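Observations on the three-dimensional arrangement
Single-letter residue listing:
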Amino acid sequence: MNARRIAGFFVCAVALAAAAPRMPRALMEQLENGLEGKFSAIWQQNPAEVLGVPQSAYINGYGAVFMTKLNLAPAAAITPFHPVVKPEEVKRTHDIKAQRIDQLRTAMRTMLVDTAASLDSVPSDEQIALCVSLFYWNWENHEGLPNEIVMHAPKKLLLAAKTGGADKAAITSDEY
Amino acid sequence: MSCSSVDLKAYLLGELPAADRVPVEKHVNSCAGCREELERLELTRSALASLGDEEPPQRIAFVSDKVFEPRWWQTVWQSGPAMGFASAALLAAAILVHAYARPAAAPVDTAQIERRIQSEVDAKLNAAVTRAVAAAEQHQNERVAQAVATAEQRFDQQYQRDLSDARQAVMYYQDRMARLTVASNNAARSNQ
């Protein structure tokens, strides 16, 4: 009888352990803050601006997803004190963003690889995804620039890339 | 007694003696012709009695007297050529009189005509100006309405753009504020 009770408790404990979230929230928040710092540190001069708080979620069976909104080149908003944006400013902002977009892609791949190494709880065949929404003022010319970049890859691929066993170019990248 | 022996005139004038009157009366009563003759005589006498007394002319003239010689105008009247000449002269005189005595044309009141023409011109000019002004006002009103509509549309578009810019700026600063808040919380948590 006692042996049955002990076995029952063991089964329940295993079931509860399996039902518990694989990703601790504290770890996710730590990674979110790390992403914010990494994005801000890409460019020392006129750094990119992370807007809002990076968000993350773990989707059971899919993997971990990180999202943030980024302004690649901060510029002045239209205000009563700055009612008109000159064409030179529009062009300068567009040129800076076009120049930085490739550097952003490279940085996002590096971040994915680094983040994957921190996500021990995520199974290796699940995905690690990073989504960056790019911010544009209404007055901006964002011709040739994406609104959103989504990169994702299986954790094992990212870990392999970390050790040099795979190319970062294998990371799937979608732009919208 | 026969009709020829009866003196009806003497009987009528009362010139017969009374003895002679009786046989005349008997004959007249028996003779219709004499009775009718007597009635005619009686009628004549009554007519003569009604006439007034006339004075006999005191001067008696003869046909050969100068009094009966025709006057000059009678001579002319009775002369064909003279009458023709007189008629022609009269006609010529009438023509001359008509020519010179023709009533003068009524003086033309040019001032009144000018005033009338001026008033008509003014009336037409006023009507034309009124029509032109009305048309111009209508055209101007249409242009103003169109301009107002265009301005309103432009203003509305600008308002929508401004609203969108303002909304975007608010969201932008809200994002920055959220980030700062989280950073502040994290700093406070690490200090504890």
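Treat the numbers as computed from the prediction; the structure is a model and nothing was measured. (Residues numbered from 1 in each chain as written. Chains lettered and ligands numbered in written order. Predicted model: local features only at pLDDT ≥ 70, side-chain atom pairs only at ≥ 80, totals over all residues.)

Details of the overall build of chain A
Within chain A one finds four helices and five strands. Taking all 176 residues of chain A together, the buried fraction comes to 27%. Considering only contacts in chain A between residues 6 or more positions apart, those separated by 24 or more positions represent 62%. (Helix = DSSP H or I, 4+ residues; strand = E, 2+ residues; numbered from the N terminus. Buried ≥ 20, exposed ≤ 12 C-beta atoms within 10 Å, placed from the backbone. Contact = placed C-beta atoms within 7 Å.)

Considerations on the interface of chain B and chain A
Opposite the eleven residues of chain B that make contact, chain A presents eleven residues. Tallied by class, the residues present in the side of chain B that touches chain A amount to four nonpolar, three polar and four charged. (Nonpolar A, V, L, I, M, F, W, Y, C, P; charged D, E, K, R; others polar.)

A few points about the nonpolar core
Residue and element names in this part refer to chain A. By size, the foremost hydrophobic cluster in this structure holds 32 residues, and its most contacted members are Leu-70, Met-108, Leu-112, Ile-128, Leu-130 and Leu-158. Elements supplying a minimum of two residues to this core: α2 (25-41), β1 (49-59), β2 (63-71), α3 (87-118), β3 (127-134), β4 (148-154) and α4 (155-162). No other element matches the six residues that α3 contributes to this core. (Core = buried A, V, L, I, M, F, W, Y, C linked by C-beta atoms within 7 Å.)

Looking at the sheet that holds β3(A)
All names here are of chain A. Ordered by their spatial adjacency, five strands build an open sheet running β1-β2-β3-β4-β5, and the pairing between neighbours is mixed. Looking at strand neighbours, the two that pair on one side only are β1 and β5 (172-175), the edges of this open sheet. Neighbour-to-neighbour, the strand axes of this sheet turn through a mean angle of 15°, independent of strand direction. Against the sheet, α2 makes contact with β1 and β2, and its axis sits at roughly 145° relative to β1, the strand it touches most. Contacting β2, β3 and β4, α4 runs over the sheet at an angle of about 90° to β4. (Pairing = 2+ DSSP bridges. Axes fitted to C-alpha atoms, helices over the stretch in contact; angles between N-to-C directions.)

A word on the pairing of β2(A)
Residue and element names in this part refer to chain A. Taken together, the eight bridges between β1 and β2 define a ladder with antiparallel strand orientation. Each bridged residue has a counterpart across the sheet, and for Val-50 the counterpart in β2 is Leu-70. Where β1 folds back on β2, the antiparallel hairpin that results is connected by three residues, among which Gly-61 adopts a positive phi of roughly 95°. Pairing of β2 with β3 involves eight bridges; the strand directions are parallel. Bridge assignment links Met-67 to a residue of β3, and that residue is Cys-131. Considered for its hand, the β-α-β crossover made up of β2, α3 and β3 is right-handed. (Right-handed = clockwise from strand over helix to strand, strands pointing away.)

Details of the environment of Leu16(B)
All names here are of chain B. Topologically, Leu-16 is positioned in the loop between α1 (8-13) and α2 (18-30). For Leu-16, a count of 18 C-beta atoms within 10 Å gives the class partly exposed. Once residues lying within four places of it in the same chain are set aside, the contact partners of Leu-16 are Asp-7, Ala-10, Tyr-11, Arg-21 and Val-24.

Quick look at the pairing of β4(A)
Residue and element names in this part refer to chain A. Here β3 pairs with β4 via seven bridges, running antiparallel. Along β4, the bridge assignment pairs Gln-127 with Pro-154. Sheet topology places β4 next to β5; four bridges connect them, and they run antiparallel. If you follow Val-150 over to β5, its bridge partner there is Asp-174.

Focus: helix α5 (residues 80-100) of chain B
Over its 21 residues, α5(B) extends 30 Å from the first C-alpha to the last, a length consistent with the 30 Å expected when each residue adds 1.5 Å. Within α5(B), only zero of the 21 residues are buried, which leaves the element largely exposed. (Expected span 1.5 Å × (residues − 1).)

Let's talk about α4(A)
Residue and element names in this part refer to chain A. For α4, the set of buried residues is Lys-155, Leu-157, Leu-158 and Ala-161. Burial along α4 is one-sided: seen end-on, the buried residues are contained in an arc of 160°. Turning to α4, the residues buried within the fold contact β2, α3, β3 and β4. One or two positions beyond α4, positive phi appears at Gly-164, with a value near 90°. (Arc of directions from axis to C-beta.)

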